[in-house]
Every structure is written in C-alpha cells, then in structure tokens.
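# Analysis of the macromolecular model
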Protein chains: 2
Amino acid sequence: MKTKERILEVALRQFNELGTDQATVRSIAEEAGISHGNLCYHFKNTDALIEALYDRLTEEIDEQAIRMQHTDNELKDVIRQAEITFHLLYKYRFLLLDFVRIIRRIDSIRQKFRTLMQLRRQQFHRAFHNLIAKGLMREEWIPGQYNHLITNLLILGDNWIPNAEIHFDEKGEKVIKYYLEAFIGGLAPYLTETGVREYYRLITES
Amino acid sequence: MKTKERILEVALRQFNELGTDQATVRSIAEEAGISHGNLCYHFKNTDALIEALYDRLTEEIDEQAIRMQHTDNELKDVIRQAEITFHLLYKYRFLLLDFVRIIRRIDSIRQKFRTLMQLRRQQFHRAFHNLIAKGLMREEWIPGQYNHLITNLLILGDNWIPNAEIHFDEKGEKVIKYYLEAFIGGLAPYLTETGVREYYRLITES
DNA sequence: TTTCAATTAGTACAAGTGTTCTAAATTATT
DNA sequence: AATAATTTAGAACACTTGTACTAATTGAAA
C-alpha cells in the first residue's frame, strides 16, 4: 500500500500549493512517478483524493480532542489546544482555502463538517464554562455576548488561512503565530483580573 | 451600451449563484441572449467580467465612505456603516466566496484589494478613536487588544459570507442580520457603561 | 510451478473551455 | 444616401480534463 500513501502525500502538497483546481489527476500522478491511469485505479478522481485527505484531518483532530480531555482546562490548555488546531489546519490548508467550492461539490464533506462545527461550538461553551468556574473568565455581562464571541472565534478559526493567503506573502510558522495571537488576544477582554495576569504570563513566556 | 450592462447583470447573478467556475462565457452569453463570440468582444473572458464587477463594488464602497464622512461618528453611525457594507458585500458575494482563487489569478485585483484593506484598518482605528473620545468606548486596557480586535473584525467582515454558505441553507436578509449582530455584538465588550446603554437602545429598536 | 487476483502503464474518447477569425448586420457619421 | 465604424453571430481551433478500457506486469496463494 505504499503507492496510495505516496499519492496522498503528493496530492496534499499540490493542493496546498497550487489549489484544488490546478492540481489534476495527471499532475499528481506525474509527481508521484506513476501513470494517471494507475492513480485513477486507487482514487477515482481528485474529489476522492480531497475526501480522503479531509478524513485524515478529522481523524487527527479527533485524536487530539481525546488527548485534551485529560487536561484540567486551565487557560494554558485552551491556548495549547488552539495552537495545535491551528497547526493541523495549516497542514491541510487547501481545504480551508477552497472550502466553499469543495462543500458545494462534495456533499459528504458538507455533512461531516456541519456536525464537526456543532461539536466545536459545544467545546467552546464547555471551555468557557470551566474558565468561569475557575475565576479566570468573567460571567456573561451582556446577554448573548458569548454566543457572538464563539461565532467570531469560529469564523476566525476557519478563515485565518484564506485571510493570510490574501494579505501576506509570508508562509508557515510566522503566519500561524500572527493569527494565533489575534485569536488568543480576542479572548483577553473577557478574562477576569486573575485571568489577564495569567494571560500576560503565558504570552510573555512564549 | 445596453449589451454591456446586461452582460454584467447576468454575470453577477450567475457568479453569485453558480460560482465563478461554473459560470462560463457561454452560459452567461446564453442567458443574456447573445452569442458567446459577442460577449468576448465586450469582455475578453470571465476574468475581465470579474474585474469589472470588482471595480463596481469598490466604486460603491467609495461612494458610501464619502457619504459617511459627514456623520458625527456616533455608535449608531458606526453600526449603520457596517450595515450598509454588509449589504454591499452580499450583493457581490461571489467575490468573497471565491476570493482566494480570484486573488491568485488576477493580480490587479490583489493589489487593489490590499490598499483597500489598509484603508479599512485605518477607518476602524479612526472610528474607535472617536468613540473613545466620546466616552462610548473604553481606553485600551490590554496592550495591542484593539489591533487584535480589528484583525478579528476584518476577518469576520470578509468571511461571514463564505461561512454562511457553509453553515446555513437560508439566504438573504436573514443571514446578513445574523452576522451583523455577531459583528456588532463583538464590539459590545469594549464599550463603556454609557456605550453599552446606547448599544442596548440601538439593538432593541431594530 | 501454476493460477488467479491485484496493480500498473498507456491509449483513446467525449465533453467543455477559452480564444480567434470571418462575414454579416447594425448603427452612426458625413 | 453613401460610407465607415461598431457590433454581432457562428464556426473553427487548440487545449485540458475526467473517465474508461485494454493489455501487460507483478505478486501471492494453492
């Protein structure tokens, strides 16, 4: 099964660098050093490749979510969680760069993604709840504000990569850090004084 | 010049509904009731159509920005500004739905867009400055937080439409309102007590 | 070793796309 | 009314893409 692995590797690279429209069955096969007929034997078309890679992403996210269940949900854990997720999304960034088109075309991904997002919203609610209980985050003082906050954070989480593609020429770690800071910084105003002190401590040490 | 107008109308509709990849020179020409040869006489290809429509959007945004200079920058003006911008973006939503691909392909749009974004960042800074001076918005109490806030608001402003496409089946006014509320709600925690009172007054009356 | 299934390369085809070109038709100008 | 410029339709071309198919090769099981 080494061929299949190599195909997915090359596909991921080409999707990320060229976009899902420029990377074709032929270009991927060529770089993988096989015939495109062979590639189509393993994956019927590029959509099948996209779906396979999407499944890999969700697998990796799931694994990480399970690992995170055993932390005590301090502020540092929340930040760490965001950090890992950002890196994961960056690894599969072609998905986010092209998500609308992919979703419009591949219905199975659409459905999987919707359930994933509901899960993420719940995770946020739970995390906030924990932080409030620990006295790190303020109680909601404007009705509905945490719902709005979560909406904004989810949009940031899904769209910082397209945003980076549009605004920056740099790539990689530098970009990830920039948006990660914006993400965490967006949380800061909702923290208690204790929370802010902790926030300072964490961002200065990294 | 009626043909040109009709072409752009149909193109906008097809781009919004089908996406820039499904709408072709031929499909647009057909709906406009002309030959595709004729369409190519007026606009060399779909990229030229996209560019023309992008220019229209920036024109409309500019007009509105000028109109807004004569307001006194109360909270209600800031909200009104956001509302109009959201509606404008929705009118040309295909641009935001496909922005990465468009930017990658059409360099002139890339450059125009970057300067536009710098402008928008400045507008936010100015608006915040005004609100602070009026005692409606708090002074920055965590270093850099307003820069992060603006980053987040800009990302929300550019990506609520793709987000809606992914998460909702509804379209139109309902969607606009949902994200507009998230946008304004994201501002609320940064307001002073007076600001929050004003915020309540404004959101309950609409 | 033989046999059968899985894998691979290469070819061929159909559909769709942007692009160009020519000739006709329309409109405006003198 | 005559002439020139603009606009339009339609055909033709080159290119790419996904898809299917065939034949050859490989590898494992009997």
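Just so it is clear, the model here is predicted, and its values are computed rather than measured.

Reading guide: rules and limits
Residues numbered from 1 in each chain as written. Chains lettered and ligands numbered in written order. Predicted model: local features only at pLDDT ≥ 70, side-chain atom pairs only at ≥ 80, totals over all residues. Heavy atoms only, no water. Near = heavy atom within 4 Å. Polar contact = N/O pair within 3.5 Å; in protein donor to acceptor, adjacent residues only side chain to side chain. Helix = DSSP H or I, 4+ residues; strand = E, 2+ residues; numbered from the N terminus. Nonpolar A, V, L, I, M, F, W, Y, C, P; charged D, E, K, R; others polar. Least-squares fit on C-alpha atoms with pLDDT ≥ 70 in both. Contact = heavy atoms within 4.5 Å. Salt bridge = Lys/Arg side-chain N within 4 Å of Asp/Glu carboxyl O. Domains from an automatic or database assignment. Buried area = accessible area lost by both parts, 1.4 Å probe.

If you check the shell around DNA strand C, you find 18 residues, and the closest are Thr3, Tyr41 and His42 of chain A together with Arg26 and Asn45 of chain B. Per the 4 Å cut-off to the protein, sugar and phosphate atoms form 59% of the nearby atoms of DNA strand C. Taking histidine 36 of chain A, its side chain carries an N or O atom lying 3.3 Å from a base oxygen of DNA strand C. Within the side chain of histidine 42 of chain A, an N or O atom sits 2.5 Å from a phosphate oxygen of DNA strand C. When residues of the surface near DNA strand C are assigned to their parent elements, the largest contribution, 5 residues, is made by helix α3 (residues 36-42) of chain A. Looking at side-chain class alone, the surface near DNA strand C contains 5 nonpolar, 10 polar and 3 charged residues.

Relating one copy of the chain to the other takes a rotation about an axis and a shift parallel to that axis. Taken as rigid bodies, chain A and chain B are interconverted by a rotation of 180° and an axial shift of 0.0 Å, the fit giving an RMSD of 0.1 Å. As the rotation angle and translation indicate, the two copies are arranged about a two-fold axis. The overlap is high: 100% of the interface residues of chain A also sit at the interface in chain B, so the same surface is used on both sides.

Let's shift gears to the interface of chain A and chain B. A common way to report how large an interface is uses the accessible area buried once the components associate. Taken together, the contact between chain A and chain B spans 50 residues of the former and 50 residues of the latter. Applying the counting criterion to the chain A and chain B interface returns 10 salt bridges. The partner of arginine 110 of chain B in a salt bridge is aspartate 169 of chain A, and the shortest N-O contact between them spans 3.6 Å. The interface formed by chain A and chain B contains 14 residue pairs in polar contact (both at pLDDT 80 or more). Where the side of chain A that touches chain B is concerned, the elements lending two or more residues are α1 (2-18), α7 (99-105), α8 (107-133), α9 (145-167), α10 (173-185) and α11 (193-205) of chain A.

All names here are of chain A. Domain boundaries in chain A define domain 1 (1-44) and domain 2 (53-205). Between domain 1 and domain 2, the contact holds 7 residues from the first and 9 residues from the second. Carbon and sulfur atoms make up 57% of the area that domain 1 and domain 2 hide from each other, which totals about 790 Å². Three residues stand out in domain 1 for area buried against domain 2, namely Leu12, Asn16 and Thr20, and they jointly supply 63% of the buried area on that side. Put simply, domain 1 and domain 2 have 1 salt bridge between them. Between glutamate 5 and arginine 56 there is a salt bridge; the shortest N-O distance is 3.0 Å. Taken together, the links from domain 1 to domain 2 amount to 5 residue pairs in polar contact (both at pLDDT 80 or more). Classifying every residue of the side of domain 1 that touches domain 2 by side-chain character gives 4 nonpolar, 2 polar and 1 charged.

Asn45 of chain A together with Thr3, Ser35, Tyr41 and His42 of chain B are the nearest of the 19 residues found near DNA strand D. Note that a phosphate oxygen of DNA strand D is positioned 2.9 Å from one of the side-chain N or O atoms of asparagine 45 of chain A. Within the backbone of serine 35 of chain B, an N or O atom sits 2.8 Å from a phosphate oxygen of DNA strand D. Elements that contribute at least two residues to the surface near DNA strand D include exactly α2 (25-32) and α3 of chain A together with α3 (36-42) of chain B. Among the elements that line the surface near DNA strand D, the one with the most residues is α3 of chain B, at 5 residues.

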